[in-house]
Amino acid sequence: MAIDPGGFSISTSDVEGRAVILVRGELDLATAPDLEEIVTERLDAGQEVVLDLRELEFMDSSGLRVLVSAHTRATDGGPPFVIVRPRANGEVAKIMTIAGIDQELKLIDEP
């Protein structure tokens, strides 16, 4: 599945029973609901979700909310939810650090 409103895209693939979701472009108020729907559907179906943020260029508080919500759902007995770290010097990594969620979420280096 791919969604592409204005340069934002979501690609989903199944790898060894896990949903690997690659997000590109800008995750904001307009695009966060699309990502939230896909992540929630997969978690509700009992599937492990790997969210790859390496190609994400921007994320606002709406995107942060999606990450925290999915993390909470997984922590409350749902299937695993992990995030592939965004680029170390990029804007997404900075906003995650400023918000303090980089210490709370389960981050990995590769899918």
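The present account deals with the structure reproduced in this document.

**Some thoughts on the environment of Asp60**
Position of Asp60 among the secondary structure elements: in the loop between strand S5 (56-59) and helix H2 (61-75). Sequence-distant contacts of Asp60, that is, excluding residues within four places in its chain, are made with Leu27, Asp28 and Leu29. From its side chain, Asp60 meets the backbone nitrogen of Ser62 in a polar contact 2.8 Å long.

**Description of the nonpolar core**
In this structure, Ile21, Leu35, Leu51, Leu67, Phe81 and Met96 are the most contacted members of the largest nonpolar core, which totals 28 residues. Of all the elements in the fold, those that place two or more residues in this core are strand S3 (18-27), helix H1 (32-44), strand S4 (49-52), S5, H2, strand S6 (81-84) and helix H3 (91-99).

**A word on the pairing of strand S2 (residues 9-15)**
Strand direction decides the pairing type here: S2 and S3, joined by seven bridges, are antiparallel. Paired with Val15 across the bridge in S3 is Arg18. Where S2 hands over to S3, the hairpin turn is made up of two residues, of which Glu16 adopts a positive phi near 55 degrees.

**Points about H3**
Looking at H3, one finds that the buried residues are Val92, Ala93 and Met96. Projection of H3 onto a plane perpendicular to its axis shows the buried side chains occupying an angular sector of 100 degrees, all on one side. Close packing links the buried residues of H3 with S5, H2 and strand S7 (107-108). Gly100 sits one or two positions beyond H3 and adopts a positive phi of about 80 degrees.

The rules behind these values
Residues numbered from 1 in each chain as written. Predicted model: local features only at pLDDT ≥ 70, side-chain atom pairs only at ≥ 80, totals over all residues. Heavy atoms only, no water. Helix = DSSP H or I, 4+ residues; strand = E, 2+ residues; numbered from the N terminus. Contact = heavy atoms within 4.5 Å. Polar contact = N/O pair within 3.5 Å; in protein donor to acceptor, adjacent residues only side chain to side chain. Core = buried A, V, L, I, M, F, W, Y, C linked by side-chain atoms within 4.5 Å. Buried < 20%, exposed > 50% of the residue type's maximum accessible area, 1.4 Å probe, protein only. Pairing = 2+ DSSP bridges. Arc of directions from axis to C-beta.

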